[in-house]
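# Understanding the architecture of this molecule
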Amino acid sequence: MNHDERQIRALRAEWKAAVQSRDLDRTMATYYPGEEYLGFDVMPPFCFEGWESFRQNWITFFEMFDEDPVFEFKDMKIHCSGDVAFTTGFTRFIGSVAGNKIDLWTRETIGLRKLDGQWLMIHDHVSVPIDLDTGVGVTNYRP
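Residues numbered from 1 in each chain as written. Predicted model: local features only at pLDDT ≥ 70, side-chain atom pairs only at ≥ 80, totals over all residues. Heavy atoms only, no water.

- If you check an unreviewed UniProt entry, the chain appears there as Nuclear transport factor 2 family protein from Halomonas alkaliantarctica.

### Re the overall build of the chain
- Looking only at helices and strands, the chain features three helices and eight strands.
- Put simply, the chain runs from its N terminus to its C terminus through helices and strands in the order α-α-β-β-α-β-β-β-β-β-β.
- Here the C-alpha atoms of the chain give a radius of gyration of 15 Å, agreeing with the 15 Å that 2.2 N^0.38 yields for 143 residues.
- Considering only C-alpha atoms, the chain reaches an extent of 40 × 30 × 25 Å along its principal axes.
- Put simply, 50% of the contacts in the chain that link residues at least 6 apart link residues at least 24 apart.
- Taken together, the 15 basic and 23 acidic charged side chains of the chain have centroids lying 7 Å from each other. (Helix = DSSP H or I, 4+ residues; strand = E, 2+ residues; numbered from the N terminus. Rg over C-alpha atoms; globule rule 2.2 N^0.38 Å. Contact = heavy atoms within 4.5 Å. Lys, Arg positive; Asp, Glu negative; His and termini not counted. Charge placed at Lys NZ, Arg CZ, Asp CG, Glu CD.)

### Brief notes about the sheet that holds strand E2 (residues 47–49)
- Read from one edge to the other, the open sheet built from six strands follows the order E2-E1-E6-E5-E4-E3, with strand pairing classed as mixed. Two strands bound the open sheet, and with one partner strand each, they are E2 and strand E3 (70–81). Each strand of the sheet is rotated relative to its neighbour by a mean of 20°, with strand direction disregarded.
- Alignment of strand E5 (residues 100–115) against strand E6 (residues 118–127), held across nine bridges, turns out to be antiparallel. Across the sheet, residue Thr-109 finds its bridge partner in E6, namely His-125.
- Set on the sheet, helix H1 (residues 3–20) makes contact with E3, strand E4 (84–97), E5 and E6; between it and E3 the angle comes to about 155°. (Pairing = 2+ DSSP bridges. Axes fitted to C-alpha atoms, helices over the stretch in contact; angles between N-to-C directions.)

### Topic: the UniProt feature "domain: SnoaL-like" (unreviewed entry) in the chain
- Sequence positions flagged by UniProt for "domain: SnoaL-like" (unreviewed entry) are, in local numbering, residues 8–130.
- When the span residues 8–130 is considered, its composition is 26% helix and 48% strand, and the gap between its end C-alpha atoms is 29 Å. (UniProt positions renumbered as here; feature names shortened; annotations may be inferred.)

### Quick look at the pairing of E6
- For E6, the tally of buried residues reaches seven of ten residues, placing the bulk of the element in the interior.
- By the bridge criterion, three bridges tie strand E1 (residues 38–40) to E6 in an arrangement that is parallel. Bridging from a neighbouring strand, Gly-39 pairs with Asp-124 of E6.
- Following E5, the chain reverses through two residues before pairing antiparallel with E6; Asp-116 in that reversal takes a positive phi of roughly 50°. (Buried < 20%, exposed > 50% of the residue type's maximum accessible area, 1.4 Å probe, protein only.)

Put into structure tokens, the structure is as follows:
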């Protein structure tokens, strides 16, 4: 594993720790600042353009949970070249919203860009598979 891959793994670990503690400022420090940020998420409005827009999404996300959410990564692969990289893999989140338990695996592709020597997430694409017979998202998928 090279230096960039270690930095990206450390960034993802920091993101996980920040999100699991619902620390908004710490979470947002893992994202590329400004209007260049673009996120495709599983919750409405599904597309977030700009760092501030995505910050509002995290506020909503954190407020939904009855307790701190738990995250798990599986099969993360890192691809780097120069100051651009992306990761692919599966992310599980577990928690409770309004008393309803959630245990969901998502597919995730993260785009990263190096800013002043530091890797930050500039694109986030989270999705669930779709059952083409029903047109419904498959939320019980397990990698």
